[in-house]
Amino acid sequence: MSTLAEIETAIAQLPPEQWEEIRRWMDRTAPAPRCAQPTTAGHVDWTNSAAAMRRREPQTCVPAAVVADALAAVRA
């Protein structure tokens, strides 16, 4: 029987499409989480919330292609 470390090492060596195949298999076979019941949120009054009302600086946008290239380089 393999240890968790051995399994993780083997999975890390697989190409991304096989990672996805493993993920789909795990999603099909894993038991449902106990907290799977839908929850309903009550009304929240955000008018006096400092978090919602604070001034935010503009964010730098990075094109998706740049992110994809960076991820591909890390995975190679």
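Quantities reported herein were computed from a predicted structural model and do not represent experimental measurements.

Colleague: Account for the overall build of the protein chain, naming residues and giving values.
Modeller: Scanning the protein chain from terminus to terminus reveals four helices and zero strands. The helix and strand sequence of the protein chain, counted from the amino end, reads α-α-α-α. Buried positions account for 1% of the 76 residues belonging to the protein chain. Accessible area for the protein chain stands at about 7,700 Å²; split by element, carbon and sulfur atoms hold 60% of it.

Colleague: Lay out helix H4 (residues 64-75) in plain terms, naming residues and giving numbers.
Modeller: Its 12 residues give H4 an end-to-end C-alpha distance of 16 Å, which sits within 8% of 16 Å, the value for a rise of 1.5 Å per residue. Little of H4 sits inside the fold, with zero of its 12 residues counted as buried.

Colleague: Describe a nonpolar patch on the surface, listing the residues and the values that go with them.
Modeller: Residues Leu4, Ile7, Ile11 and Trp19 make up a contiguous nonpolar surface patch of about 350 Å² in total accessible area. Of the residues forming the nonpolar patch, the biggest block, three residues, is contributed by helix H1 (residues 4-12). The class of Trp19 is partly exposed, set by a relative accessible area of 31%.

Cut-offs used in this document
Residues numbered from 1 in each chain as written. Predicted model: local features only at pLDDT ≥ 70, side-chain atom pairs only at ≥ 80, totals over all residues. Heavy atoms only, no water. Helix = DSSP H or I, 4+ residues; strand = E, 2+ residues; numbered from the N terminus. Buried < 20%, exposed > 50% of the residue type's maximum accessible area, 1.4 Å probe, protein only. Areas by Shrake-Rupley, 256 points an atom, 1.4 Å probe, with all protein chains shown as cover. Expected span 1.5 Å × (residues − 1). Patch = residues over 30% accessible without salt bridge, like charges linked within 9 Å, V, L, I, M, F, W, Y side chains within 5 Å. Salt bridge = Lys/Arg side-chain N within 4 Å of Asp/Glu carboxyl O.

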